[in-house]
Amino acid sequence: MGRVFSDLRTAEYGASGHPEAPFRVLRTFERAKAAGHAPQLPSLTAGASDVVLLHGEGHLNSIRLGTFEDADTPMFARIADIALISLAGALSAADAAMKGEPSFSLMRPPGHHAGKERVAGFCYLNNLALAVARLQKAKPGLKVAVVDFDVHHGDGTESLLLGRENTSFLSLQQYPLYPGTGFESRGNCRNVPLEAGTDGDEWLSAFEPELHRLLEAKPDVLAVSAGFDAYKGDPIAGLKLDRATFKRIGGMLSQTKLPRFATLEGGYSEDLPLLVESFLDGFF
Ligand SMILES: [Zn+2]
């Protein structure tokens, strides 16, 4: 059981030396296939009407035209189209989850740092938050719990979901670290800062009561920003989770028995394909 959505066109951009590189999708795609999770193309498409569910009217156009500035998040040829394919993966995963199938969107660019009018931290469109908004538009009153286990704070997601009805957000992150936020909780957004060097067992001990608390609101669906850069071998951060930790995270989310979907956020180690495979072993 479980469905993986991917599209290898999302590997068709990159800058030399940039950690958010094509191998992330290419090699993880092959590994998922070998593990029996053959990726399929998104069942839905994404367009401007999906983007404006949470982003500003001019945001997509600024990505098309390259009229944005963020040192980590460059302009690439066709990046707006590729970002829409990545968004389509998230929308499709959310749709499949509501039909009873746990799903994972294996796409790039990632999304959780993207804000209303802002590209940031390798992210152009906030795939996960937009997928949540689309579900709630189709089904008013739907309660969604968002979990972000990327090593970086999901600041874009928080900014888009802060104060949103029927929506709660939980993010665990190394602190201090990019983007410099995520130390304090506010409103419906709960943040758990963790020191550099935190290992898998310590991470799970912090996560378990927080997940329990999140479930007290009786969500109808779980939306997961799945970043794998808290891995001990990741080149850009300092937490010490191992491969087995990601399987346990997936397992704890699966034990909720809730409709659930996840999107790929960060994770820059060569071992990313194995980490995703382990997560899916638990999550599906
Ligand atoms: Zn990250």
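Residues numbered from 1 in each chain as written. Predicted model: local features only at pLDDT ≥ 70, side-chain atom pairs only at ≥ 80, totals over all residues. Heavy atoms only, no water.

1. Things to note about the pattern of salt bridges
Inference 1: Applying the stated criterion across every chain, the model contains 15 salt bridges.
Inference 2: Between Arg24 and Glu20 there is a salt bridge whose closest N-O contact spans 2.8 Å. In this structure, Arg24 and Glu20 share a single accessibility class: buried.
Inference 3: Among the charged side chains, a salt-bridge network with shared partners connects Glu20, Arg24 and Arg108. (Salt bridge = Lys/Arg side-chain N within 4 Å of Asp/Glu carboxyl O. Buried < 20%, exposed > 50% of the residue type's maximum accessible area, 1.4 Å probe, protein only.)

2. A look at a negative patch on the surface
Inference 1: A grouping of Glu195, Asp199, Glu202 and Asp242 is seen on the molecular surface, where their side chains present a negatively charged patch.
Inference 2: Within the secondary structure, Glu202 is located in helix α7 (residues 200–215). (Patch = residues over 30% accessible without salt bridge, like charges linked within 9 Å, V, L, I, M, F, W, Y side chains within 5 Å. Areas by Shrake-Rupley, 256 points an atom, 1.4 Å probe, with all protein chains shown as cover. Lys, Arg positive; Asp, Glu negative; His and termini not counted. Charge placed at Lys NZ, Arg CZ, Asp CG, Glu CD. Helix = DSSP H or I, 4+ residues; strand = E, 2+ residues; numbered from the N terminus.)

3. Focus: helix α8 (residues 243–254)
Inference 1: With 12 residues, α8 extends 17 Å between its outermost C-alpha atoms, agreeing within 8% with the 16 Å of an ideal straight helix rising 1.5 Å per residue.
Inference 2: Where α8 is concerned, the buried positions are Thr245, Phe246, Ile249, Gly250, Gly251, Met252, Leu253 and Ser254.
Inference 3: Check the buried side of α8 and you find it contacts β3 (144–148), α7, β6 (221–226), β7 (260–264) and α9 (272–283). (Expected span 1.5 Å × (residues − 1). Contact = heavy atoms within 4.5 Å.)

4. Observations regarding the environment of Ala93
Inference 1: Assignment of secondary structure puts Ala93 in helix α4 (residues 79–98).
Inference 2: Distance from Ala93 to Phe104, taken between C-alpha atoms, is 5.9 Å for residues 11 residues apart in sequence.

5. Here's the deal with the packing of α4 against helix α5 (residues 127–138)
Inference 1: Between α4 and α5, the least distance of the axes is 9 Å, while the angle of their chain directions is 45°. Classified by the angle between their axes, α4 and α5 sit oblique to one another. When you trace α4 past α5, the crossing you get is right-handed. Seen from α4, the contacting residues are Ala83, Ser86, Leu87, Ala90, Leu91, Ala94 and Met98; seen from α5, they are Asn127, Leu130, Ala131, Arg134 and Leu135.
Inference 2: Of the residues belonging to the contact of α4 with α5, the class tally is nine nonpolar, two polar and one charged. (Axes fitted to C-alpha atoms, helices over the stretch in contact; angles between N-to-C directions. Parallel < 35°, antiparallel > 145°, perpendicular 65-115°, else oblique. Left-handed = near helix turned anticlockwise from the far one by under 90°. Nonpolar A, V, L, I, M, F, W, Y, C, P; charged D, E, K, R; others polar.)

6. Here we look at the coordination of the zinc ion
Inference 1: Protein-derived ligands of the zinc ion are Asp150 (OD), Asp150 (OD), His152 (ND1) and Asp229 (OD), with the metal-ligand distances lying across 2.0 to 2.7 Å.
Inference 2: Here the zinc ion binds four donor atoms, and the angle range of 52 to 152° at the metal identifies the geometry as irregular.
Inference 3: Positions of the donor residues of the zinc ion along the chain correspond to the pattern D-x1-H-x76-D. With Asp150 in the loop between β3 and α6 (155–161) and Asp229 in the loop between β6 and α8, the pair connects residues that are 79 residues apart, well separated along the chain. Side by side, Asp150 and Asp229 carry an identical accessibility label, which is buried. (Donors = N, O, S within 2.8 Å, 3.2 Å for Na, K, Ca; no water. Tetrahedral: all angles 85-135°; square planar, octahedral: opposite > 155°, others 65-115°.)

7. Considering the nonpolar core
Across soluble globular proteins, nonpolar side chains show a tendency to be buried alongside one another.
Inference 1: In this structure, Ile63, Leu87, Tyr124, Leu125, Val146 and Phe261 are the most contacted members of the largest nonpolar core, which totals 42 residues.
Inference 2: Mapped by element, the contributors of at least two residues to this core are α3 (59–65), α4, α5, β3, α6 and β6.
Inference 3: No other element matches α4, which puts 13 residues into this core.
Inference 4: With residues near it in sequence (within four places) discarded, Ile63 still touches Phe68, Met75, Ile79, Ala80, Val119, Tyr124 and Leu125.
Inference 5: Counting 40 residues, the second-largest nonpolar core is a separate cluster that includes Leu170, Phe207, Leu214 and Phe284. (Core = buried A, V, L, I, M, F, W, Y, C linked by side-chain atoms within 4.5 Å.)

8. Some points on the environment of Arg27
Inference 1: Along the chain, Arg27 falls in helix α1 (residues 23–34).
Inference 2: With 246 residues separating them in the primary sequence, Arg27 and Pro273 have C-alpha atoms 6.2 Å apart.
Inference 3: With near-sequence residues (within four places) excluded, Arg27 lies in contact with Glu270 and Pro273.

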